Amino acid sequence: MFKRICMFVGGLFIMSFGVAFSIVSTLGTTPISSIAYALALITNLSVGTTTFIFNAALILIQFLILRSRFHKKRILQLISTFVFSYFIDLALYIVSFVPFDGSVLMMVLFLAISIFLLALGIFIYMPTNIAPLPGEGCVEAIAIVTNWRFSTVKIAFDTTVVTTALIMCGLWYTDVFGAVYIGTIVSAFMVGFTLRQISNAYVHITGNDARLVHE
């Protein structure tokens, strides 16, 4: 259990740096962080604070969707939300010291680092099966009620989140692309691809299944 907790915390810590690098790249943050970042731009709150608010709202949405099928274990998502939110602000502070000259090369490099760190963090934290982030929990809840495939709901969910972030920035921020840009679209496709490559490499080297998905 101690090993699982260390992997859980470590994975979230690595993922938070993925979010931080995506924000600093100025190419757009990750899909699941787009609304939280839009809120941060609009309200001037920290990204960690708005991440907690947004993810707490997703837990409430899960309760409204599942009702009697909402298991108490889902409340544990508040733990992952709090830890991840704190780590994002910490990661943004640390990454602020990394030299960034605003060139296209540096923007692409930071985006690539972001994609890799997000995939690596997911690879480390998901097998612990302790408390998924509310984004995945919300997708799962919708899939349970509708009987749609998880992957289908995930695509629709990410699309809805990104569209909402665009609308928010268009209505209440000076730049409609403040939170969403080309990097957001690239991340939507490349994080999953990179995760698959990391998983395949792990299986090839160790001969063991990474067990990213739990029944």
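Everything below is about the structure printed above this text.
The model shown is predicted, which means the values in this text are computed figures rather than measured ones.

Draft legend 1. Inspection of the overall build of the protein at higher detail. What the protein contains, in helices and strands, is eight helices and zero strands. Put simply, the protein runs from its N terminus to its C terminus through helices and strands in the order α-α-α-α-α-α-α-α. Compactness check: the protein gives a C-alpha radius of gyration of 17 Å against a globular reference of 17 Å for 215 residues, within 12% of the reference. Principal-axis analysis of the C-alpha atoms places the extent of the protein at approximately 45 × 45 × 30 Å. Relative to its full complement of 215 residues, the protein shows a buried share of 44%. In the protein, once contacts between residues fewer than 6 apart in sequence are set aside, the share between residues at least 24 apart is 75%. In the protein, 11 positive and 8 negative side-chain charges are present, and the distance between their average locations comes to 14 Å.

Draft legend 2. Looking closely at a nonpolar patch on the surface. Nonpolar side chains collect at one region of the surface, where V176, F177, Y181, I182, I185, F189, M190 and F193 lie side by side and expose about 780 Å² of accessible area between them. Relative to the helices and strands, F177 is located in the loop between α7 (150–172) and α8 (182–206). Accessibility expressed as a relative area gives 44% for F177, which makes it partly exposed.

Draft legend 3. Up close: the nonpolar core. Core analysis: the biggest nonpolar cluster contains 54 residues, and L12, M15, Y37, V47, F84 and A179 have the highest contact counts within it. Put simply, the parts of the chain that give this core at least two residues each are α1 (2–24), α2 (34–43), α3 (47–66), α4 (77–95), α5 (104–125), α6 (134–146), α7 and α8. The element that contributes the greatest number of residues to this core is α5, accounting for eleven residues. In this view, Y37 contacts I23, T29, V47, G178 and A179; residues no more than four positions away in its chain are not counted.

Draft legend 4. Highlighting the side chain of N55. Summarising the element assignment, N55 is placed in helix α3. Once you skip the residues sitting within four places of it in the chain, N55 turns out to touch T81, P134 and G135.

Draft legend 5. Local environment of the packing of α3 against α4. Viewed as axis vectors pointing N to C, α3 and α4 meet at an angle of 160°, and their least axial separation amounts to 8 Å. By the angle class used here, α3 and α4 are roughly antiparallel. The two elements α3 and α4 meet at a crossing, and its hand is right-handed. Note on element contacts: α4 touches α3 through Q77, L78, T81, F82, F84, S85, I88, D89 and L92, opposite V47, G48, T49, T51, F52, N55, A56, I59 and Q62. Of the residues belonging to the contact of α3 with α4, the class tally is nine nonpolar, eight polar and one charged.

Draft legend 6. Representation of the packing of α3 against α6 within the structure. At a closest axis distance of 9 Å, the pairing of α3 and α6 adopts a crossing angle of 15°. In this view, α3 runs roughly parallel relative to α6, as classed from their interaxial angle. The two elements α3 and α6 cross, and the hand of that crossing is left-handed. Contacts from N55, L58, I59, I61, Q62, I65 and L66 in α3 reach P134, G135, G137, C138, A141, I142, I144 and V145 in α6. Partitioned by chemical class, the residues of the contact of α3 with α6 number eleven nonpolar, four polar and no charged.

Rules used throughout
- Residues numbered from 1 in each chain as written.
- Predicted model: local features only at pLDDT ≥ 70, side-chain atom pairs only at ≥ 80, totals over all residues.
- Heavy atoms only, no water.
- Helix = DSSP H or I, 4+ residues; strand = E, 2+ residues; numbered from the N terminus.
- Rg over C-alpha atoms; globule rule 2.2 N^0.38 Å.
- Buried < 20%, exposed > 50% of the residue type's maximum accessible area, 1.4 Å probe, protein only.
- Contact = heavy atoms within 4.5 Å.
- Lys, Arg positive; Asp, Glu negative; His and termini not counted.
- Charge placed at Lys NZ, Arg CZ, Asp CG, Glu CD.
- Patch = residues over 30% accessible without salt bridge, like charges linked within 9 Å, V, L, I, M, F, W, Y side chains within 5 Å.
- Areas by Shrake-Rupley, 256 points an atom, 1.4 Å probe, with all protein chains shown as cover.
- Salt bridge = Lys/Arg side-chain N within 4 Å of Asp/Glu carboxyl O.
- Core = buried A, V, L, I, M, F, W, Y, C linked by side-chain atoms within 4.5 Å.
- Axes fitted to C-alpha atoms, helices over the stretch in contact; angles between N-to-C directions.
- Parallel < 35°, antiparallel > 145°, perpendicular 65-115°, else oblique.
- Left-handed = near helix turned anticlockwise from the far one by under 90°.
- Nonpolar A, V, L, I, M, F, W, Y, C, P; charged D, E, K, R; others polar.

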